[in-house]
Structure formats: structure tokens, C-alpha cells
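Structural overview
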Amino acid sequence: NTFVESLDLSSNDISCDGVRSISYMLTENYFITDLNLEDNRIGIRGITSLCNVLSDNNYIKNLNLAGNALKDNTISLISDMLKHNYTLFRLSLKHNQITCIGAKALSDALLNNESLADLDVSWNKIRGKGSEMFGNALCSNSGLNSFDISYNGLDARVSEDDKLYRIEI
């Protein structure tokens with residue numbers, strides 16, 4: 001189909017097997033530019049499959065992975081994909097389970113990827129140290145126009161390495 005440019009599969013509980021099928025379809029489809037997989041149970045196998053395809057896909061411009069309970073290990077896969085994909089323009093990772101570890105991986109990706117213009121990591125568990133890592137990456141990245149890190153408890157005291165950190169914004 002050469003007419004469908006936007007594929008919205010949000011809230012369909014498609015799980016990792018469904019995402020693997022979508023990933024396979026994306027290897028042959030050059031017309032879909034917007035992919036919404038919000039609120040599905042994607043899992044690490046689904047993210048692995050999707051990231052493998054998106055590392056070479058030059059067509060997907062907008063990707064929504066919000067609300068999939070993605071943890072830091074899956075965020076690392078997404079970050080690795082961002083180091084090879086220079087066509088993705090907008091990425092939503094809001095309402096997941098990203099912590100400082102995932103923030104580090106994404107920050108490293110932002111140092112190498114200036115094509116991403118809009119990143120949403122709101123409603124996660126990033127906290128102080130993670131926001132510092134993003135801050136450092138943003139100083140070097142001139143491509144990002146919109147960065148949403150709201151509702152991450154950045155002003156909260158958190159325990160990390162048996163020390164308390166507090167970030168002043």
C-alpha cells in the first residue's frame with residue numbers, strides 16, 4: 001500500500017510478537033513515516049526487532065513508544081539504534097520506566113545524533129543525575145528543538161551510591 005503514511009496501533013496489546021511482524025513489514029515498506037506503538041506490551045524482543053529494522057530504515061520520521069513499561073535495558077537498544085538512524089525526527093518515550101541508567105544511554109546517543117529534533121522522556125524515573133547527563137548532552141547537541149523531561153521528580157531527593165543528590169534547576 002503506497003497511500004498509508006501513518007500507522008497508529010496504540011493501545012492494542014500487540015506484544016513483542018506483533019512488533020516483530022510490524023518490523024518485518026517495515027523492511028519492505030517505504031511509505032510509512034509515522035509509527036505509533038503507544039500502550040502496547042512490546043517487551044525486549046519486540047524492541048530488539050524494531051531497533052534492528054530502524055537502524056537501517058530511512059523512512060520512519062516519528063516514533064511513539066510511550067506507555068510500554070520500557071526499562072533501561074530496552075532503552076539501551078533504542079539508544080544504539082539512534083546512533084545509526086539519522087532520519088528519525090520525533091521520539092516519544094514518555095510513561096515508561098527510564099532511570100538514570102537509561103538517561104545515560106540516551107544522553108550518549110544524543111552526542112552522536114543531531115537529526116532527532118523532538119524527544120519526550122516525561123513521566124519516567126530519571127531524577128537528578130540523569131537530568132545532569134541530559135544537560136551535558138544538550139550542550140553539545142544542536143539538533144534537538146524540543147526536549148520534554150517533565151514529571152520525573154527532578155527536584156526530589158534520591159539515593160544513589162549511598163549519597164543524597166539534589167539538583168537545583
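Everything here concerns the structure above.
What this report covers is the structure whose coordinates are included nearby. Given the structure is predicted, the values throughout are model-derived calculations rather than measurements. (Residues numbered from 1 in each chain as written. Predicted model: local features only at pLDDT ≥ 70, side-chain atom pairs only at ≥ 80, totals over all residues. Heavy atoms only, no water.)

The subject of this paragraph is the overall build of the protein. Counting its regular elements, the protein contains five helices and eight strands. In sequence order, the secondary structure elements of the protein are arranged as β-α-β-α-β-α-β-α-β-α-β-β-β. Radius of gyration (C-alpha) of the protein: 16 Å, near the 15 Å computed for a compact globule of 169 residues. Across its three principal axes, the protein shows a C-alpha extent of roughly 55 × 35 × 20 Å. When each of the 169 residues of the protein is scored for burial, the buried share is 46%. For the protein, restricting intrachain contacts to residue pairs at least 6 apart in sequence, the fraction spanning at least 24 positions comes to 82%. Of the roughly 8,600 Å² that the protein leaves accessible, carbon and sulfur atoms contribute 49%. (Helix = DSSP H or I, 4+ residues; strand = E, 2+ residues; numbered from the N terminus. Rg over C-alpha atoms; globule rule 2.2 N^0.38 Å. Buried < 20%, exposed > 50% of the residue type's maximum accessible area, 1.4 Å probe, protein only. Contact = heavy atoms within 4.5 Å. Areas by Shrake-Rupley, 256 points an atom, 1.4 Å probe, with all protein chains shown as cover.)

Attention now goes to the sheet that holds strand E6 (residues 146-148). Strand pairing within a sheet occurs via backbone hydrogen bonds; the two strands may be parallel or antiparallel. Strands sit in the order E1-E2-E3-E4-E5-E6 across an open sheet of six strands; the sheet is parallel. Each having just a single partner strand, strand E1 (6-8) and E6 make up the two edges of the open sheet. Neighbour-to-neighbour, the strand axes of the sheet open up by a mean angle of 0°, direction not taken into account. (Pairing = 2+ DSSP bridges. Axes fitted to C-alpha atoms, helices over the stretch in contact; angles between N-to-C directions.)

Another aspect to go through is a nonpolar patch on the surface. A surface patch of nonpolar side chains, amounting to about 290 Å² of accessible area, comprises Tyr-30, Phe-31 and Tyr-59. Secondary-structure assignment places Tyr-59 in the loop between helix H2 (43-54) and strand E3 (62-64). (Patch = residues over 30% accessible without salt bridge, like charges linked within 9 Å, V, L, I, M, F, W, Y side chains within 5 Å. Salt bridge = Lys/Arg side-chain N within 4 Å of Asp/Glu carboxyl O.)

Our next topic: the environment of Leu-37. You can see Leu-37 is positioned in the loop between strand E2 (34-36) and H2. Each C-alpha atom of the pair Leu-37 and Leu-7 lies 8.6 Å from the other, and the pair is 30 residues apart in sequence. Setting aside its immediate chain neighbours within four residues, Leu-37 contacts Leu-9, Ile-14, Ile-22, Ile-42, Leu-50, Asn-64, Leu-65, Ala-66 and Asn-68.

Don't take any of this as a statement about function, it's just geometry.
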